[in-house]
Amino acid sequence: MTTVRVNETEKTPAKGSERRVYRRADMEQQDISVERFDGTRRGGDVLGKIVDLSANGVRIRTSRRKEIRPDHQIRLRLELPEYAGISPFLDNSGPTLAPKREWVGWLAVNRVQPVDGKEMDVAGRLIDMDEVDRGMLGLYLSTQSLAA
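### So, the overall build of the protein chain
Right, on to step 1. Check the secondary structure of the protein chain and you find 1 helix and 11 strands.
Right, on to step 2. Ordered by position from the N terminus, the helices and strands of the protein chain form the series β-β-β-β-β-β-β-β-β-β-β-α.
Right, on to step 3. Sequence separation of 24 or more characterises 60% of the internal contacts of the protein chain that already satisfy a separation of 6 or more.
Right, on to step 4. Roughly 9100 Å² of accessible area belongs to the protein chain as shown, and the carbon and sulfur atoms make up 47% of that amount.

Okay, here's the thing in structure tokens:
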């Protein structure tokens, strides 16, 4: 079996047509908002709702048709509820690790697709997430239902 380079780590290709490194979880039914983060105030401007999420990226449904384009970067604040006793992120700023529910970072927009006349899906990579948070988010999402 051949190996390919994915995200600068050696990976064995998955069987079948699955090419993703991280599995996507369907989050649309949970109605979780994503905020455009403005560092000056705690509550940011609501950007849209999460459609699906992986440890590497997110797809958001928004009505802001003219503001977002591919190759943009957007500062986001994700706040996810605990699920099955698992927190989605870890706070490693203190002497010990502590669970936390929010992450603030950058979304590199890869794709913008219209859904209907007034909404669109924005998909991209979560580019500055540290590996501890990415691992915890992957564990958290492994308890969620998978997206198609």
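Additional details are given in the paragraphs that follow.
### Things to note about the confidence of the model for the protein chain
Any region with low pLDDT has predicted coordinates that should not be read closely.
Right, on to step 1. A residue-level look at the protein chain finds 80% of positions with pLDDT of 70 or above and a mean pLDDT of 83.
Right, on to step 2. Mean pLDDT across the elements of the protein chain ranges from a minimum in strand E1 (residues 4-6), with 47, to a maximum in strand E11 (residues 120-126), with 95.
Right, on to step 3. The low-confidence segment residues 1-10, where pLDDT is below 50, has 16 contacts with residues more than four positions distant or belonging to other chains.

### Examining the pattern of salt bridges
Right, on to step 1. Throughout the structure, instances matching the rule amount to 12 salt bridges.
Right, on to step 2. Glu28 is the salt-bridge partner of Arg61, the closest N and O atoms lying 2.8 Å from each other. Taken as a pair, Arg61 in strand E6 (residues 57-62) and Glu28 in the loop between strand E3 (25-26) and strand E4 (33-36) lie far apart in primary sequence, 33 residues in all.
Right, on to step 3. Here Asp121 makes a salt bridge to Arg61, at a shortest N to O gap of 2.7 Å. Residue Asp121 is found in strand E11, and its partner Arg61 is found in strand E6; the two are separated by 60 residues along the sequence.
Right, on to step 4. On the basis of relative accessibility, which here comes to 7%, the residue Asp121 falls in the buried class.
Right, on to step 5. Linked by salt bridges that have partners in common, Arg24, Glu28, Asp52, Arg59, Arg61 and Asp121 make up one network.

### Focus on unusual backbone geometry
Right, on to step 1. Of note, Asp71 is a non-glycine position whose phi angle comes to about 75°, a positive value.
Right, on to step 2. Looking at where Asp71 falls in the secondary structure, it is placed in the loop between E6 and strand E7 (73-79).
Right, on to step 3. Residue Ala84 is not a glycine yet carries a positive backbone phi of 55°.
Right, on to step 4. Summarising the element assignment, Ala84 is placed in the loop between E7 and strand E8 (89-91).
Right, on to step 5. Judged by its relative accessible area of 63%, Ala84 is exposed.

Here is what the cut-offs are and how they apply
Residues numbered from 1 in each chain as written. Predicted model: local features only at pLDDT ≥ 70, side-chain atom pairs only at ≥ 80, totals over all residues. Heavy atoms only, no water. Helix = DSSP H or I, 4+ residues; strand = E, 2+ residues; numbered from the N terminus. Contact = heavy atoms within 4.5 Å. Areas by Shrake-Rupley, 256 points an atom, 1.4 Å probe, with all protein chains shown as cover. pLDDT = per-residue confidence, 0-100. Salt bridge = Lys/Arg side-chain N within 4 Å of Asp/Glu carboxyl O. Buried < 20%, exposed > 50% of the residue type's maximum accessible area, 1.4 Å probe, protein only.

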